[in-house]
Amino acid sequence: MGKKRKAAAVDDTPAQIDQLACSADGTGPFTVYFPSGFDPSSASGGCDWTAYEHTKGRNHYTLVARTQTYPLLGLDRFALGVYDRRRGRLEVAPVQGERLLRMEPRVYGQQYDPREAPSAYDEQKRREHNKRLVEEFGSQRRKRQLAQAEAGQVKAEHVSAAGAILEMVAAAGEGAAGKEEVVAAALAQRNIPPHNPAATAAEEAYPVDGLVPPAVRDSLEIRRLFPACDKPDYRETLRTSGQFGSGYVLTRLELLSQKDDAAREERARMLCMLGHLLKLHARFGTLRGRSVEDMAKKAFISEGVLEPLLDMFYTREGSHEGQRYVLSKDKKALMLSYILALAVRVENSSVLEPHCLLALAEELKAKPGDLVNRFRELGCSDFSVAALNSEGAKVRSHRVALLPHSSEPKTLADSFPALKLGGKKPPGAKSAAYHAAALIKAPTARLVARAAAPEASTQNGTSAKSEATVVVKIDNESDPFATVVTVEFGDYLGELVDTVAALKNLGLNIKRAKLKQAGTGGKHRFYVTDGATSEKVIRSSKIEEIRLTILNMMLAYHPESSEQIAWSTSAPPRSDVDPTHPLGARKRYGIQTQIEVREHESGSHSTLIVNTLDRPGLLTDIVKVLKDINLNVVSAEVDTIGRNAFDKFNVTYHGEALPEPMCQLCVNALQYYLSQAEVEKEWSESY
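Considerations on the packing of helix H20 (residues 618-628) against helix H21 (residues 660-675)
Phase 1 of the analysis: Running from amino to carboxyl end, H20 crosses H21 at an angle of 140°, the nearest separation of the two axes being 10 Å. By the angle between their axes, H20 is oblique relative to H21. Considering the relative orientation of H20 and H21, their crossing is right-handed. When H20 is examined against H21, the residues Leu618, Ile622, Val625 and Leu626 are found in contact with a partner set consisting of Cys666, Ala669, Leu670, Tyr673 and Leu674.
Phase 2 of the analysis: Residues belonging to the contact of H20 with H21 are distributed by class as follows: nine nonpolar, no polar and no charged.

Structural data, given as structure tokens:
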């Protein structure tokens, strides 16, 4: 064996590069290298160096070194790598200004064309080269990603009869429907029971004849439900047999206590239909038998009821065992819609209480939140409340109502959720910059459309837009389940496509919206709830965020609105010196503020009306002052009309309407603080 060769000593001295300071004009220094071996220090006559800055590229320079023989041109940008032998790594060395250029020789008198853009062939070669590099040096994860990307590509060589496919697509495009036609067709094909979109009452929205078809009506076993109302033993027998499901229907027998026989029988039919559908949905995804009579015995449903239900929801398939009926996915979803519609329609005033929702979800073996989403597809409204489950524990549930009574009647079509067309999200919707521009996750960022409607001339020759007034109203009284946000600004407002996304970024849920067509000058109304609780927005800080966001985005996208917004132009005007100030003569703010307190007609509370110059933080200032004098704010309506804020509060003092001394104290306190235009910085008050 020969002697082992000693390892060569490794120099531990780290690699260093001398860096020169940048020049005063910001165009140097440059680091260059000469692949041709040219030595500028030995060139006869020296080199004349000139740096050219690109007009379109920031910090992009071209360096030219002229000699007596030929010029050299510095192209592209490179990096300087230094191999650290001690650690065995190649690292990028810092270069002052990050400008490293390759000096290539040129010939005087020769015209050099600029580099051409890479062709499709070059792009294909680049992809192939990248694929070889990944196969050779890439990780297993990167190889899988590349394989999946290639598998998802549709290439011409993999498509048979490509010409015929192109002709088919072109022919389909000629007769393609517009956006409005597509939306109308999609809404008309909802997978829900028969309904009347123009109805304003629950009885008209989903009539009983549509939920209980005439073919089933006379065969329902309603006479079996009546004795169970006051006979617990018989009720338990029905529960054990499972004739009407697992027990939800039997818990709602109290609904049959009406004295009107016709209304009682109608509810009994809905309960019977509901029980049979609950049983089929949970236990019979497939029915087999030699005849309908055999299947009726297995399902414990009368033959006269089962046969129409098979035609409505099941698909018949051939089988060597006889008849076979299968409940498809779409038909099962339709059956669930029937179940939910029956469950809410059979209730008093068509309002499903929270404990009933929990019991229904338990029988359907579904999550209450999933059922709530399906109720919304039927046009129902909901809000979150606390309830007790079957084990007696306090949990979060929902109260569901179908077309509840409100001050502003609406149709079933208005209550349906809007069709999602898959629009793009706002750029950077999740970034901090977007939230900053939208004022703390603004609810109405990009509120107004960029394309303004044509100006309409009035009789005196002025444009209608010049007379438009900014109106922002936030109302917690008109709707029982949601906070109503109304926006109006003449003909400036468009379709408000981005408003929905911005409201969600604030953590709000949009139950429904009414948007007027661009150019009509109508009001845009949003019905929103708090995303965390599904209830109305009651925190004054949140309401103030909504209001300020709308106004800020109007200023951003419609500068002409600055004349309508008080705090966008200048500070509040000052009046003359106040000689009666306790600390001597002081300049005072001259803000005109009107405050009125009157007792509500019900006598349960008082109504406070404040009309003053608008400014940021106004709502939280008012709520803070009211809390300081021990007043409780029950509800509020916040209106911004032009430069003024017109706010209405329902307040109480120890649970009652305000007495006369308290009314005077409230007026004096608000008059003092609001006239001083003191803005509360921390919006933490709520009512």
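From this point, the narrative continues.
Some thoughts on the side chain of Thr607
Phase 1 of the analysis: Relative to the helices and strands, Thr607 resides in strand S21 (residues 606-613).
Phase 2 of the analysis: Reaching out from Thr607, the side chain makes a polar contact with the side chain of Asn650 at a distance of 3.4 Å.
Phase 3 of the analysis: Apart from residues lying up to four places away in sequence, Thr607 is in contact with Glu596, Val597, Arg598, His600, Lys648, Phe649 and Asn650.

With respect to the nonpolar core
Phase 1 of the analysis: Membership of the largest hydrophobic core comes to 74 residues, with the highest contact counts inside it found for Tyr206, Phe313, Tyr314, Leu360 and Phe375.
Phase 2 of the analysis: It is helix H13 (residues 329-345) that provides the largest number of residues to this core, a total of ten residues.
Phase 3 of the analysis: Not counting residues up to four positions away in its chain, the partners in contact with Phe375 are Leu340, Val344, Leu352, Leu357, Leu360, Cys380 and Val400.
Phase 4 of the analysis: Core analysis: the next-biggest nonpolar cluster, separate from the first, contains 42 residues, Ile543, Val633, Ala645 and Val667 among them.

Quick look at the packing of helix H10 (residues 261-283) against H13
Phase 1 of the analysis: Viewed as axis vectors pointing N to C, H10 and H13 meet at an angle of 145°, and their least axial separation amounts to 9 Å. The hand of the H10/H13 crossing is left-handed. Taking contact as the criterion, the partners of Met270, Met273, Leu274, Leu277, Leu278, Leu280 and His281 in H10 are, on H13, Lys332, Met335, Leu336, Tyr338, Ile339, Leu342, Ala343 and Arg345.

Examining the sheet that holds strand S22 (residues 632-641)
Phase 1 of the analysis: What the eight strands build is an open sheet, ordered S16-S17-S15-S14-S22-S23-S21-S20; its pairing is antiparallel. In this open sheet, the two strands that pair with only one neighbour each are strand S16 (508-514) and strand S20 (594-599). Going from strand to strand, the sheet's axes swing by 15° on average, the running direction of each strand aside.
Phase 2 of the analysis: Here S22 runs beside strand S23 (residues 644-652); their pairing, made up of nine bridges, is antiparallel. Bridge pairing in S23 places Ser635 opposite Asn650.
Phase 3 of the analysis: Where H21 meets the sheet, its contacts fall on S20 and S21, and the angle it forms with S20 comes to roughly 160°.

Remarks on the sheet that holds strand S13 (residues 394-402)
Through backbone hydrogen bonds, the strands of a sheet pair up, either in parallel or in antiparallel fashion.
Phase 1 of the analysis: The strand order across the open sheet built from three strands is S11-S13-S12, with neighbouring strands paired in antiparallel fashion. Whereas interior strands pair on both sides, the edge strands pair on one side only; in this sheet they are strand S11 (351-352) and strand S12 (380-388).
Phase 2 of the analysis: In the packing of helix H14 (residues 354-364) onto the sheet, the strands contacted are S11, S12 and S13, and the crossing angle to S13 comes to about 100°.
Phase 3 of the analysis: Helix H15 (residues 368-377) contacts S11, S12 and S13 of the sheet and is inclined by roughly 155° relative to S12.

Quick look at the confidence of the model for the chain
Phase 1 of the analysis: When the pLDDT values of the chain are averaged, the result is 75; 69% of them are 70 or greater.
Phase 2 of the analysis: Low pLDDT (under 50) marks residues 568-575, which in the prediction has 17 contacts with non-local residues, meaning those over four places away or in another chain.
Phase 3 of the analysis: Below a pLDDT of 50 lies the segment residues 679-687, which in the model reaches 34 contacts outside its immediate sequence neighbourhood of four places, other chains included.

Cut-offs applied
- For every chain, the first residue of the written sequence is number 1, and numbering continues from 1 along that sequence.
- Local features in a predicted model are, by the rule used here, given only for residues with pLDDT of at least 70; side-chain atom pairs are given and counted only at 80 or more, and totals for whole chains, interfaces and linings are based on all residues.
- Side-chain figures throughout are based on the complete set of non-hydrogen atoms in the structure, without hydrogens or water.
- Axis definition: a line fitted to C-alpha atoms, limited for helices to the stretch in contact. Angles are taken between N-to-C directions and run from 0 to 180 degrees.
- Numbering of helices and strands runs from the N terminus; a helix is a DSSP stretch of H or I covering at least four residues, while a strand is a stretch of E covering at least two.
- By definition in this entry, angles of less than 35 degrees are roughly parallel, angles greater than 145 are roughly antiparallel, angles of 65 to 115 are roughly perpendicular, and the rest are oblique.
- We call a crossing left-handed when the near helix sits turned anticlockwise from the far one by less than a right angle, and right-handed when that turn is clockwise.
- The criterion used for residue contact is that any of the two residues' heavy atoms lie within 4.5 Å.
- Here the nonpolar group is Ala, Val, Leu, Ile, Met, Phe, Trp, Tyr, Cys and Pro; Asp, Glu, Lys and Arg are the charged ones; every other residue, Gly included, is treated as polar.
- Pairs of N or O atoms are called polar contacts if they sit within 3.5 Å, as long as, within protein, a hydrogen donor faces a hydrogen acceptor (for residues adjacent in sequence, only side-chain-to-side-chain pairs).
- Nonpolar cores were defined as sets of buried Ala, Val, Leu, Ile, Met, Phe, Trp, Tyr and Cys residues, with membership established by side-chain atoms within 4.5 Å.
- Between buried and exposed lies partly exposed: a residue is buried under 20% and exposed over 50% of the maximum accessible area for its type, with that area taken using a 1.4 Å probe on protein chains only.
- Pairing between strands requires that DSSP locate at least two bridges from one strand to the other.
- Per-residue confidence from the predictor is given as pLDDT, running between 0 and 100.

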